[in-house]
Amino acid sequence: MKMIAKALGAACALSFMLACLPVDSQIKGLDASATIACRDFRRLIRDTRAGVLTGPEMRERMKDIRANARVSKSHGIAPAADDLLRAMTSGTPESIQSGMEGMVNSCNGGRRQ
């Protein structure tokens, strides 16, 4: 779990992660489930950067994000959430970084920032 916290902390240290996520009112083309998943993902990044979550808490939050993402019909949200949860569970810091970038891109409607 320390690896998850360390990898997410390193990924969240990249200021573009939080800055590239639109606020709820800016998310266009995402259905309600995707909007909720992206909002909660943004909160996960914020709380991780603030240092208020343990590794297990981060993973549990990601499970909730994935649950919302899986019922979404918005393109890319469900696979991105699956990839990030998989990386947080058994991946490397690089795979967690990649998974976070995938979520950011999906929350931006598939547009790279």
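Residues numbered from 1 in each chain as written. Predicted model: local features only at pLDDT ≥ 70, side-chain atom pairs only at ≥ 80, totals over all residues. Heavy atoms only, no water.

**Student:** Give me the lowdown on the pattern of salt bridges, citing residues and values where you can.
**Tutor:** According to the stated counting rule, one finds eight salt bridges in the structure shown. Across the salt bridge formed by R43 and D40, the nearest N and O atoms sit 3.8 Å from each other. Residue R43 and its partner D40 are located together in helix α3 (residues 32-50), separated by three residues, close to a single helical turn. Among the residues examined, D40 registers a relative accessible area of 19% and is labelled buried. The closest approach of N and O atoms between D47 and R46, which form a salt bridge, is 3.2 Å. Its relative accessible area of 12% is what places D47 among the buried residues. (Salt bridge = Lys/Arg side-chain N within 4 Å of Asp/Glu carboxyl O. Helix = DSSP H or I, 4+ residues; strand = E, 2+ residues; numbered from the N terminus. Buried < 20%, exposed > 50% of the residue type's maximum accessible area, 1.4 Å probe, protein only.)

**Student:** If you had to explain the state of the cysteines to someone new, which residues and values would you point to?
**Tutor:** Enumeration over the complete set of coordinates arrives at one disulfide. The disulfide that involves C38 links it to C107, with 2.1 Å between the sulfurs. Note on the C38 and C107 pair: the S-S dihedral is about -95°, so by sign convention the disulfide is left-handed. Linking C38 in helix α3 with C107 in helix α6 (residues 93-107), this pair joins segments that are 69 residues apart in sequence. You can call C38 buried: its relative accessible area is 1%. On the basis of relative accessible area, C107 is assigned to the buried category, the value being 1%. (Disulfide = S-S within 2.5 Å.)

**Student:** I'd like to hear about the confidence of the model for the protein, residue by residue, with values.
**Tutor:** Summarising the model, the protein shows a mean pLDDT of 81, and 72% of its residues fall at 70 or more. Taken element by element, the protein is modelled with least confidence in helix α2 (residues 15-20), mean pLDDT 49, and with most confidence in helix α4 (residues 55-70), mean pLDDT 95. (pLDDT = per-residue confidence, 0-100.)

**Student:** Could you give an account of the environment of S106, with specific residues and numbers?
**Tutor:** Within the secondary structure, S106 is located in helix α6. With 25 residues separating them in the primary sequence, S106 and A81 have C-alpha atoms 9.1 Å apart. Among all residues touching S106, those that are not within four sequence positions of it are L30, G76, I77 and A80. (Contact = heavy atoms within 4.5 Å.)

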